[in-house]
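Take a look at the letters that make up each chain.
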Amino acid sequence: MIVAVIGLGTFGAKTAARLFEKGAEVLAIDSNPELVDRLKDRVSHAICIDVTQEKSLRAVNISDVDTAVVAIGDNIEMSIMSVAMLRKLGVGRVIARATTQLHEHVLREIGASEIIKVEEEMGEIVASKIAAPHVLQRYNFAAGYSIVELKLGKRFEGKTLVESQIRQNYSLNIVALQKRVPYITEDGKAAYRVVINDSPLPMDVIEADDVVVLVGSEKNLDHLFQDLEEN
């Protein structure tokens, strides 16, 4: 996969570096040479060009990328022009960051495939951590639905998946269990290894320290979180 990330501020640089770590070929672009130089060893290619110039984008074969991420947030005009230019040059999937509702509306109108609202999403993450501190990770995969990693604690300790009645009471599905399994190292010391069961069976037992992966609606997840807080 070839991904272009345009705008190498904090959000753009982090996105580019993580994509590269995950195996993507990353073309990182910014008009600020300092930002480009800072990231050059953490991506496949780091290039200093003006993305509003068609000639410059054609020179780096931008039409060959599978996805372009326009991470520009502080210059709305530059963001809009970048998306328009990418669409003109035939980039099929353009993901753009929006900082206001009007910005989002314009980006959609000119052909952005997906919109990222960093500030709103970070606010949701912070609120979730405060309201549900037992949740380790939370991923929104569709409107109103999430995948969460959490510890159920003593409320469900020692119960099988059937006995927990999580599916019956909360309409949530447990799709994986992560356990810490004790073992003895070669030098005779006690240690733990992490074992992930990605196909849990009804009779598998939940321990207090298990990390449980649940899938379901936000409403049903919040119901479970509230019950966990009360115990």
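Residues numbered from 1 in each chain as written. Predicted model: local features only at pLDDT ≥ 70, side-chain atom pairs only at ≥ 80, totals over all residues. Heavy atoms only, no water.

A. View of the overall build of the chain. Looking only at helices and strands, the chain features nine helices and 13 strands. Its C-alpha atoms give the chain a radius of gyration of 23 Å, clearly above 17 Å, the size a compact globule of 231 residues would have. Dimensions of the chain, computed from C-alpha atoms along their principal axes, come out at roughly 65 × 50 × 25 Å. A buried classification covers 39% of the 231 residues belonging to the chain. (Helix = DSSP H or I, 4+ residues; strand = E, 2+ residues; numbered from the N terminus. Rg over C-alpha atoms; globule rule 2.2 N^0.38 Å. Buried < 20%, exposed > 50% of the residue type's maximum accessible area, 1.4 Å probe, protein only.)

B. Region of interest: unusual backbone geometry. Even without being a glycine, N61 presents a positive backbone phi close to 55°. A positive phi angle is found at Q165, which is not glycine, with a value near 55°. Mapping Q165 onto the fold places it in the loop between α7 (161–164) and α8 (166–170). With relative accessibility at 38%, the residue Q165 sits in the partly exposed group.

C. Representation of the packing of aromatic side chains. The full count for this structure, using the stated rule, is zero aromatic pairs. The ring of Y192 has R180 lying over it, and the distance from NZ or CZ to the ring centre is 4.2 Å. (Phe/Tyr/Trp six-rings, centres within 6.5 Å; stacked < 30°, edge-to-face > 60°. Lys NZ or Arg CZ within 6 Å of the ring centre and 35° of its normal.)

D. Region of interest: the sheet that holds strand β6 (residues 114–116). One open sheet accounts for six strands, arranged β3-β2-β1-β4-β5-β6; its pairing is parallel. Of all the strands in the sheet, just β3 (45–48) and β6 have a single pairing partner and so form its edges. Neighbouring strand axes in the sheet, compared pairwise and without regard to direction, differ in orientation by 20° on average. The sheet contact formed by strand β5 (residues 93–97) and β6 spans three bridges and is parallel. The residue bridging R97 from the neighbouring strand is I116, located in β6. (Pairing = 2+ DSSP bridges. Axes fitted to C-alpha atoms, helices over the stretch in contact; angles between N-to-C directions.)

Purely spatial values, then, with no claim about function.
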